[in-house]
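Each chain, letter by letter, is given below.
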Amino acid sequence: MEDKLVTLAILTYTKAQILKNVLENEGIETYIHNVNQIQPVVSSGVRLRIKESDLPRALKITESSIWLAEDIVGENELKKIDIPQKVLIPVDFSKYSIKACQFGFACAKAFNSEVVLLHVYFTPIYASSLPYGDIFTYQSPDNDVKNALHKVHSDLNVLSDEIKKRISLGDLPDVQFNCVLREGIPEEEIIRFTKEENPKLIVMGTRGKNQKDLDLIGSVTAEVIERSKTTVLAIPENTSLNDFYNVNKIAFLTNFDQRDLIAFDALVNSFKAFKFSISLIHLSEVSDTWNEIKLAGIKEYFRNQYPELIIEYSIVKHDDILDSLDNYIKNNAIDILTLTTYKRNIFSRLFNPGIARKMIFHSDTPLLVINTRCNFSKP
């Protein structure tokens, strides 16, 4: 079957020429259409077209370039970064920290990466008196601070010894790991660490769905998903899975966005050491034949790109998005739900929370939230 051409971008002639050179240097055949033959240099709206089979690779190249990101993708803060070799696992010494380690170590083995166990602690400091002028006086009881630090170090040593024991018994893969302590607010320090070290993946435990709603407000995991550029694997406390090797079926939620191609490619290539099938799902409030056609087309495209994969697709109709997803997950034996997340401003975060945040508070199914701006989606 002939490989048809698709439009990658509509650019000015000058920028189209630059992008054409970039793509062809990477071995991607590129064509410029709709050129103004009289004044090609000042022409606007020329189409840059490539073969459909080259689309995932071309999208990665455009996403990883600063000027291309600004003009094509619209993310002006994108920067080229080296592929990091770390899997970050924030821990709080609860029982679901070990469960997060089971997933995190398996992923690190697959990525040929090392693991960083990060614990963030808080030291109590309080004002000793009302401030006068510009002078503030603070006190921190020495004994309280020493006791708190001693307990943190003790707990971290216990966790480290437990992990070494599990590695020696073969319960965890034998990968290099180290422990990091930081003082501050957990979500702030986790995000700061990701900016400094660029981990490939964050694996975090979450509370179970039976916890009181008040206990879940301000969840650290939800905040990290919303604000971090790093892909996050969220492991609920009550999930029946033990590690990624037990994953048989992954649901990939698509909204027919081009970036879904990047996220799907990242999922398949980054986790190629594991064997699973993928179910493409689209949420819709009403029956729409066009959605069925688009989803079938995406499935066929992915089947051609990844012939070794078993791929299904479904339209999930919903009155209540959470219950519909939950029912689909249970009825189809879904082990992990995969979402993509795009940058949203503070108002949409506050008043229209993302599906990922809602599902954290609702489901016992692990969530893999892929941010297509992050290093996880780079080759």
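Anything mentioned here points back to the structure above.
What comes next concerns the included structure. Throughout, a residue's number is its position along its own chain's written sequence, starting from 1. Per-residue local features are limited, in this predicted model, to residues with pLDDT of at least 70; the limit for side-chain atom pairs, both in listing and counting, is 80 or more; totals at the level of whole chains, interfaces and linings are taken over all residues. The side-chain quantities take in all heavy atoms of the structure and omit both hydrogens and water.

Quick look at the packing of aromatic side chains
Each aromatic ring pair is characterised by the separation of its centres together with the angle its planes make.
Here is step 1 of the chain: Note on aromatic pairs: the rings of Phe, Tyr and Trp (six-membered ring only in Trp) are paired at centre separations within 6.5 Å, and the planes decide the class, stacked below 30 degrees, edge-to-face beyond 60, tilted for the rest. Using the criterion set out here, one finds 13 aromatic pairs in the structure.
Here is step 2 of the chain: Ring centres 4.5 Å apart and planes at 10° place the aromatic pair phenylalanine 244 and phenylalanine 271 in the stacked group. Taken together, the residues span a long stretch of sequence, with phenylalanine 244 in the loop between strand S10 (232-236) and strand S11 (249-253) and phenylalanine 271 in the loop between helix H9 (259-270) and strand S12 (277-284) at a distance of 27 residues. Comparing phenylalanine 244 with phenylalanine 271 shows no difference in burial state: the two are buried.
Here is step 3 of the chain: An aromatic cluster is built from Phe103, Phe111, Phe244, Tyr245, Phe271, Phe274 and Phe276, whose rings are joined through pairwise contacts.
Here is step 4 of the chain: Across the ring face of phenylalanine 111, the terminal group of lysine 200 is positioned such that the distance to the ring centre comes to 5.2 Å. Working definition: helices are DSSP H or I runs of at least four residues, strands are E runs of at least two. Numbering for both runs from the N terminus. Relative accessibility decides the category of a residue: with a 1.4 Å probe and only protein chains considered, values under 20% of the type maximum give buried, values over 50% give exposed, and everything between is partly exposed. For a Lys NZ or an Arg CZ to count as sitting over a ring, it must be within 6 Å of the ring centre and within 35 degrees of the ring normal.

Describing the pattern of salt bridges
Here is step 1 of the chain: Put simply, a salt bridge is a Lys or Arg side-chain nitrogen that is within 4 Å of an Asp or Glu carboxyl oxygen. Applying the stated criterion across every chain, the model contains 13 salt bridges.
Here is step 2 of the chain: Across the pair glutamate 29 and lysine 51 runs a salt bridge whose closest N-O atoms are separated by 3.3 Å. You can see glutamate 29 sitting in the loop between helix H1 (13-25) and strand S2 (30-33) and its partner lysine 51 sitting in strand S3 (residues 46-51), a full 22 residues away along the chain.
Here is step 3 of the chain: Between glutamate 189 and arginine 182 there is a salt bridge, and its shortest N-O distance comes to 3.8 Å.
Here is step 4 of the chain: Relative accessible area serves as the criterion here: at 10%, glutamate 189 is assigned to the buried category.
Here is step 5 of the chain: Of the residues examined, arginine 182 reaches a relative accessible area of 17% and is grouped as buried.
Here is step 6 of the chain: In the salt-bridge network here, residues are joined through shared partners; they are Arg182, Glu189, Arg192 and Glu196.

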